[in-house]
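# Examination of the molecular architecture
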Amino acid sequence: MMPSPKMRVAVGQHPGNDKEYLDFALQLGCEGASFQTPDIKGDVKWDAADVKAYLAPVHAAGVKVESFENVPNHFYDKLMLGLPGRDAQLENMKSTIRALGEAGVPILGMHWMPQIVWRTDLNHSGRGNSYVSIYDHSIVEDRSRDSEIWVARRDLRDPNIKDTFTRGNFVPLGVDSLSVEQMWENFEYFVKGVISACEEAGVILCFHPDDPPAQELHGIGRILTSVDNLDRAVHIVDSPNLKLELCLGTVSEMGGEKTVMDAVNRFAPIDKIAYIHLRDVQGTFPVFAECFLGEGNYKPYEVVKALHKHGFTGAILDDHTPGLTGDDPYGYRGRAHAIGYIQALIEVVTNN
């Protein structure tokens, strides 16, 4: 008899399938791993053979594939922006989803942020001079300070900078403005266009909240910016294959502990959470700073307790951990701390 699914911790936010990452998962007692914008060849889509080749060393190491998180932005940028060529991208995304299903990837996490994640500072202002990211919307509103903005560009990864941030390198969009209403229309077009492929392939599609949760950035609307909007997004279609990639750090940015508990208590009971990013911030939009678990806006214990109460059986990932002295850009030391913290919470809450 197969064991019943249970709430668990997985490693994540890594693009590679290298031995160091896989050893890290096993040594920390994590059965599974998530892979963020994995290093798989393909200019416009992924093919099943290439996904299987990428996963071969993962399977050989005995690590469970929890999810893939993000495809390259250029796979679906025209879909997000409603530009000519989006129909071709839709077909390629359906092909990619079928490839993931054939390769045994159960979940595809995505975002709906053409400009990706922004921050306005990265410095050693965290606890014990740890390296953290900061967001101040007043800097973003002052266009004379564009060069100060840090953008998470996975396509321009710098191996020496944490969390793929690069300064002043905005994503080229091809449009000057896009309303919130247009972004919703584009989102609905995409979800309705791929959901049948998800159901047929056995792949759960889930979406990350917008980080930062601004209503617009430099004229481009953002839609996944509140718990109510997440609710709207996850009910665009009635399908068990449409869920949330619930980043509680981003939800905390929206309104602190109240919004976090609202999201957990709203979506966990109806099985609309595919997996969770458990991180936090100090402060809320328009100004916040990332921090260690336990010193932010919400109480991690209360979150895990509520998840258990509602029967959540998915994976919990660490995310955007502060950089510790002597750590590498991926943040193995900081992530090990967060993973151990979450594992202990699960053990206490579930009594096993």
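Residues numbered from 1 in each chain as written. Predicted model: local features only at pLDDT ≥ 70, side-chain atom pairs only at ≥ 80, totals over all residues. Heavy atoms only, no water.

## Topic: the overall build of the protein chain
From N to C terminus, the protein chain includes 11 helices and 17 strands. Expected size for 352 residues packed as a compact globule is a radius of gyration near 20 Å; at 19 Å, the protein chain falls within 12% of this value. Along the three orthogonal principal directions, the C-alpha set of the protein chain runs to about 50 × 45 × 40 Å. Relative to its full complement of 352 residues, the protein chain shows a buried share of 57%. Long-range pairs, those at least 24 residues apart, make up 72% of the contacts in the protein chain with a sequence separation of at least 6. (Helix = DSSP H or I, 4+ residues; strand = E, 2+ residues; numbered from the N terminus. Rg over C-alpha atoms; globule rule 2.2 N^0.38 Å. Buried < 20%, exposed > 50% of the residue type's maximum accessible area, 1.4 Å probe, protein only. Contact = heavy atoms within 4.5 Å.)

## Some remarks on the sheet that holds strand S6 (residues 121-123)
Pairing within the open sheet is antiparallel, and its 4 strands lie in the order S6-S7-S16-S15. The open sheet has two edge strands with one neighbour each: S6 and strand S15 (280-282). Taking each pair of neighbouring strands and ignoring which way they run, the sheet shows an average axis angle of 30°. Here S15 pairs with strand S16 (residues 287-291) via 3 bridges, running antiparallel. When the sheet's bridge partners are listed, Asp280 is paired in S16 with Cys291. Along the sheet, helix H8 (residues 248-255) makes contact with S15 and S16, crossing S15 at roughly 30°. (Pairing = 2+ DSSP bridges. Axes fitted to C-alpha atoms, helices over the stretch in contact; angles between N-to-C directions.)

## As for the nonpolar core
Of all hydrophobic cores here, the largest spans 96 residues; its most connected members are Phe68, Trp112 and Phe190. Top element by residues in this core is helix H6 (residues 180-201). It accounts for 9 residues. Formed by 9 residues, the second largest nonpolar core is a distinct cluster that contains Val151, Ala214, Leu217 and Val281. (Core = buried A, V, L, I, M, F, W, Y, C linked by side-chain atoms within 4.5 Å.)

## Side note on the packing of helix H7 (residues 227-234) against helix H9 (residues 257-267)
For any two helices packed against each other, one specifies the inter-axial angle together with the distance between the axes. Relative orientation of the contacting elements H7 and H9 amounts to 25°, with a least axis distance of 10 Å. Taken together, the axes of H7 and H9 lie roughly parallel to each other. Crossing geometry of H7 relative to H9 is assigned as right-handed. Counting all contacts with H7, which are made through Val227, Asp228, Leu230, Asp231 and Val234, the residues of H9 involved are Thr259, Asp262, Ala263, Arg266 and Phe267. When the residues that make up the contact of H7 with H9 are grouped by side-chain class, the tally is 5 nonpolar, 1 polar and 4 charged. (Parallel < 35°, antiparallel > 145°, perpendicular 65-115°, else oblique. Left-handed = near helix turned anticlockwise from the far one by under 90°. Nonpolar A, V, L, I, M, F, W, Y, C, P; charged D, E, K, R; others polar.)

## Let's talk about unusual backbone geometry
The amide bond that connects Asp211 to the next residue, Pro212, takes the cis arrangement and shows omega of 0°. Within the element layout of this structure, Pro212 appears in the loop between strand S10 (204-207) and strand S11 (216-217). In the segment running from Phe285 into Pro286, the intervening peptide bond is cis, with an omega of 25°. Turning to its location among the elements, Pro286 is positioned in the loop between S15 and S16. Phi is positive for Thr37, close to 40°, though the residue is something other than glycine. Within the secondary structure, Thr37 is located in the loop between strand S2 (32-36) and helix H2 (48-60). Look at His320: it is not a glycine, yet its phi comes out positive at around 50°. Among the structural elements, His320 can be located in the loop between strand S17 (315-317) and helix H11 (332-350).

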